[in-house]
Amino acid sequence: MRKKFVAGNWKMNKTFYEAKAFVSFFRPLVKKINDVDIVIAPPFTLMNMMYEACRGSNIKLAVQNLHFEKQGAYTGEISSLMAKEFADYAIIGHSERRHYFGETDKLINKKIISALDAGLSVIFCVGETQDQRDAKNTKKIISEQISEGLDSVKNLKNIILAYEPVWAIGTGKSATPEQAEEVHLFIRDTISKAYSETESKKLRIIYGGSVTPENACTLLRMPNIDGCLPGGASLYPDKLAKIIASF
Ligand code: PGA
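Residues numbered from 1 in each chain as written. Predicted model: local features only at pLDDT ≥ 70, side-chain atom pairs only at ≥ 80, totals over all residues. Heavy atoms only, no water.

I'd like a description of helix H8 (residues 177-194), backed by residues and values.
When the terminal C-alpha atoms of H8 are compared, their 25 Å separation across 18 residues agrees well with the 26 Å that a helix rising 1.5 Å per residue should span. Every buried residue of H8 is listed here: Pro177, Ala180, Glu181, Val183, His184, Phe186, Ile187, Arg188, Thr190 and Ile191. (Helix = DSSP H or I, 4+ residues; strand = E, 2+ residues; numbered from the N terminus. Expected span 1.5 Å × (residues − 1). Buried < 20%, exposed > 50% of the residue type's maximum accessible area, 1.4 Å probe, protein only.)

See the structure below:
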């Protein structure tokens, strides 16, 4: 039985006081939930405060990015070891990192290895663009992203795979439950072939791309969708709590 998983990706949003207000409203809303892993990915500037504000609760933290080196002259970056002081998870390979910041599968692979070595769990994002979908290349793209991103990763115990079709992110145009389920099933088959059936059955595969309290129910009802990664909706405590309550 795969435990359900919901991670809210705040992206580049919220000041200190906005985040504080969020937690004081959100924490009581989810305090009785113990069958879903609840994660929030704030910007780096809020990690320390969020760590204190979520201490003793069922809310865990993720970083939205990290550098693969342990330390050094990398202005503006943070390492996996720094992230691990506050977070249990790292989002790696998000399409905004791939497209706005030119992150390649090779770089993403280095980041995944670094995060795992530091003891972080990884929310590894894959997904196709609209053009790739139109050209019927979805499966090809996703299997390349998976095989390169997970190159030399032996064990998937600390990996959560996020299917995030680029055309659905921040567009208000979510994948239909059937479209998402088809790709999730494909990802599970791919993992089964590359690793084993046992690993693939244990792997949590979550969906991201315009998830809202309104569409979460139907998406999360699909057999291979084990959770979600909402962006915009996760900025509102009531919306995020409703999504979590949709299982
Ligand atoms: P969105 O973002 O929910 O705002 O579409 C999802 C994501 O980027 O993870």
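Here the narrative resumes.
Account for the pairing of strand S1 (residues 4-9), naming residues and giving values.
Extensive coverage of S1 is indicated by the burial of 5 of its 6 residues. At this point the chain moves from S1, through helix H1 (residues 16-30), to the parallel strand S2 (residues 36-41), and the crossover so formed is right-handed. The pairing of S1 with strand S8 (residues 227-228) spans 2 bridges and is parallel. Following the sheet pairing, Val6 is matched in S8 by Cys228. (Right-handed = clockwise from strand over helix to strand, strands pointing away. Pairing = 2+ DSSP bridges.)

Account for the site of the ligand, naming residues and giving values.
In the neighbourhood of the ligand, 13 residues make up the surrounding shell, with Lys11, His94, Gly170, Ser210 and Gly231 lying closest. At 2.8 Å, a backbone N or O of Gly232 approaches an oxygen atom of the ligand. In isolation the ligand exposes 280 Å². Once the protein is present, 94% of that is buried. Looking at side-chain class alone, the shell around the ligand contains 5 nonpolar, 6 polar and 2 charged residues. (Near = heavy atom within 4 Å. Polar contact = N/O pair within 3.5 Å; in protein donor to acceptor, adjacent residues only side chain to side chain. Areas by Shrake-Rupley, 256 points an atom, 1.4 Å probe, with all protein chains shown as cover. Nonpolar A, V, L, I, M, F, W, Y, C, P; charged D, E, K, R; others polar.)

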